[in-house]
Amino acid sequence: MPEGLEAEIYRRSADHVVARRVARVEVDDHQAMAAELVRELPGRTVEATRRRGKHVLLDLDDGRSLALHFGMTGRLIVDGVSAIDRLEYASGRDDPAWNRLVVTFDDATTLRVNDPRRWAVFTLDPDLARLGPDFLTLDVDDLVVRLGRRRAAVKTILLDQSVVAGFGNMCVDEVLWQSGISPAAPANSLDRARLEAFVAACGEHLPAMLERGGSHTGTLDPEARSAVPPCPRDGAPMRRDTIGGRTTIWCPVHQTG
Ligand SMILES: [Zn+2]
């Protein structure tokens, strides 16, 4: 599924539509804001792109912003090209019936969201205050406060987009593995030194995964998640457990609580 890294890859491809003016918009009528998008977007020019967590934002010349959230299987296709050919666990097919948003610009170019499962969400002027700080720019002091209040498993808390925005299942498993933190550790049991290690691992590994192509390029890649090999760090048998309702791959030897 598109995690924050995939959203960043989509944001970069959305940069191609900066300075283009919207001519018309087609939106899946299941979208809550369908009528508003069709009414408000034509005539607007895209001035910039941003990302917050798993949301890609197109800033418009009237001061408003269009937020794209890609759900489980949504792909952004700009000028007929998807920056990501195939999402893990999703179809790579680009069926026109799955177009949930089609923005056509004055020069007849397009930006589309193609989503087989129909869980993508498009919002004009999203409330970003409900999202936590972005996972690519975490601050240790902030994380100490945010996790210090929470007793649930740290993995569950990190996947809560109101605590930290951007983590999906693969990235959070990867960074917890890299920083030696058990995904089941109570969030408020981790001292500052361990959260510093976590933030350092985010800073080292997430940008590297981004440049390699996304959240499936970590040490715990889909092949490892499927085969559950011995831990590449210490050779111990790794485990596949369900934590917070999500399949979790981890090493009970070097990942401690
Ligand atoms: Zn290990």
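Everything discussed here concerns the structure shown above.
Criteria and cut-off values
- Residues numbered from 1 in each chain as written.
- Predicted model: local features only at pLDDT ≥ 70, side-chain atom pairs only at ≥ 80, totals over all residues.
- Heavy atoms only, no water.
- Donors = N, O, S within 2.8 Å, 3.2 Å for Na, K, Ca; no water.
- Buried < 20%, exposed > 50% of the residue type's maximum accessible area, 1.4 Å probe, protein only.
- Axes fitted to C-alpha atoms, helices over the stretch in contact; angles between N-to-C directions.
- Helix = DSSP H or I, 4+ residues; strand = E, 2+ residues; numbered from the N terminus.
- Parallel < 35°, antiparallel > 145°, perpendicular 65-115°, else oblique.
- Left-handed = near helix turned anticlockwise from the far one by under 90°.
- Contact = heavy atoms within 4.5 Å.
- Nonpolar A, V, L, I, M, F, W, Y, C, P; charged D, E, K, R; others polar.
- Polar contact = N/O pair within 3.5 Å; in protein donor to acceptor, adjacent residues only side chain to side chain.
- Salt bridge = Lys/Arg side-chain N within 4 Å of Asp/Glu carboxyl O.
- Pairing = 2+ DSSP bridges.

What about the coordination of the zinc ion?
Turning to step 1, where the next piece is worked out: The coordination sphere of the zinc ion contains the protein donors Cys231 (SG), Asp234 (OD), Asp234 (OD), Cys251 (SG) and His254 (ND1), at a distance range of 2.1 to 2.8 Å.
Turning to step 2, where the next piece is worked out: Positions of the donor residues of the zinc ion, expressed as sequence spacing, correspond to C-x2-D-x16-C-x2-H.
Turning to step 3, where the next piece is worked out: Its relative accessible area of 33% is what places Asp234 among the partly exposed residues.

Some thoughts on the packing of helix H5 (residues 169-179) against helix H6 (residues 192-212)
Turning to step 1, where the next piece is worked out: Two numbers describe how H5 lies on H6: the axes approach to 9 Å, and their chain directions differ by 125°. In this view, H5 runs oblique relative to H6, as classed from their interaxial angle. For the pair H5 and H6, the crossing hand works out as right-handed. Contact residues: H5 offers Cys171, Glu174, Val175, Leu176, Gln178 and Ser179, while H6 offers Ala197, Phe198, Ala201, Cys202, His205, Leu206 and Met209.
Turning to step 2, where the next piece is worked out: Residues of the contact of H5 with H6, tallied by class, amount to nine nonpolar, three polar and one charged.

So, unusual backbone geometry
Turning to step 1, where the next piece is worked out: The phi angle at Ala19 is positive, at roughly 80°, despite the residue not being glycine.
Turning to step 2, where the next piece is worked out: Looking at where Ala19 falls in the secondary structure, it is placed in the loop between helix H1 (4-14) and strand S1 (22-27).
Turning to step 3, where the next piece is worked out: In the Ramachandran plot, Asp125 falls in the positive-phi region, its phi being about 55° despite a non-glycine side chain.
Turning to step 4, where the next piece is worked out: In this structure, Asp125 sits in the loop between strand S9 (121-124) and helix H3 (140-148).

What to know about the side chain of Ser179
Turning to step 1, where the next piece is worked out: Within the secondary structure, Ser179 sits in helix H5.
Turning to step 2, where the next piece is worked out: A relative accessible area of 14% places Ser179 in the buried class.
Turning to step 3, where the next piece is worked out: A polar contact is formed between the side chain of Ser179 and the backbone oxygen of Val175, at a distance of 2.7 Å.
Turning to step 4, where the next piece is worked out: For Ser179, the residues in contact, after removing those within four places along its chain, are Ala197, Phe198 and Ala201.

Some remarks on the pattern of salt bridges
Close approach of charged atoms lets side chains of opposite charge pair.
Turning to step 1, where the next piece is worked out: Applying the stated criterion across every chain, the model contains 26 salt bridges.
Turning to step 2, where the next piece is worked out: The partner of Asp15 in a salt bridge is Arg11, with the nearest N and O atoms 3.3 Å apart.
Turning to step 3, where the next piece is worked out: Residue Asp142 is joined to Arg146 by a salt bridge in which the shortest nitrogen-to-oxygen separation is 3.1 Å. With Asp142 and Arg146 both in helix H3, this residue pair falls four residues apart, about one helical turn.
Turning to step 4, where the next piece is worked out: Residue class for Asp142 comes out partly exposed when judged on its relative accessible area of 27%.
Turning to step 5, where the next piece is worked out: What emerges from the salt-bridge pattern is a single network uniting Glu8, Arg11, Arg12, Asp15, Arg51, Asp134 and Glu211.

Structural notes on the sheet that holds strand S6 (residues 81-82)
Turning to step 1, where the next piece is worked out: Pairing within the open sheet is antiparallel, and its five strands lie in the order S1-S7-S8-S5-S6. In this open sheet, the two strands that pair with only one neighbour each are S1 and S6.
Turning to step 2, where the next piece is worked out: Where strand S5 (residues 75-78) lies against strand S8 (residues 110-114), four bridges are found, and the strand directions are antiparallel. Across the sheet, Ile77 pairs through a bridge with Arg112, a residue of S8.
Turning to step 3, where the next piece is worked out: Against the sheet, H1 contacts S5 and S8, and its axis sits at roughly 15° relative to S5.

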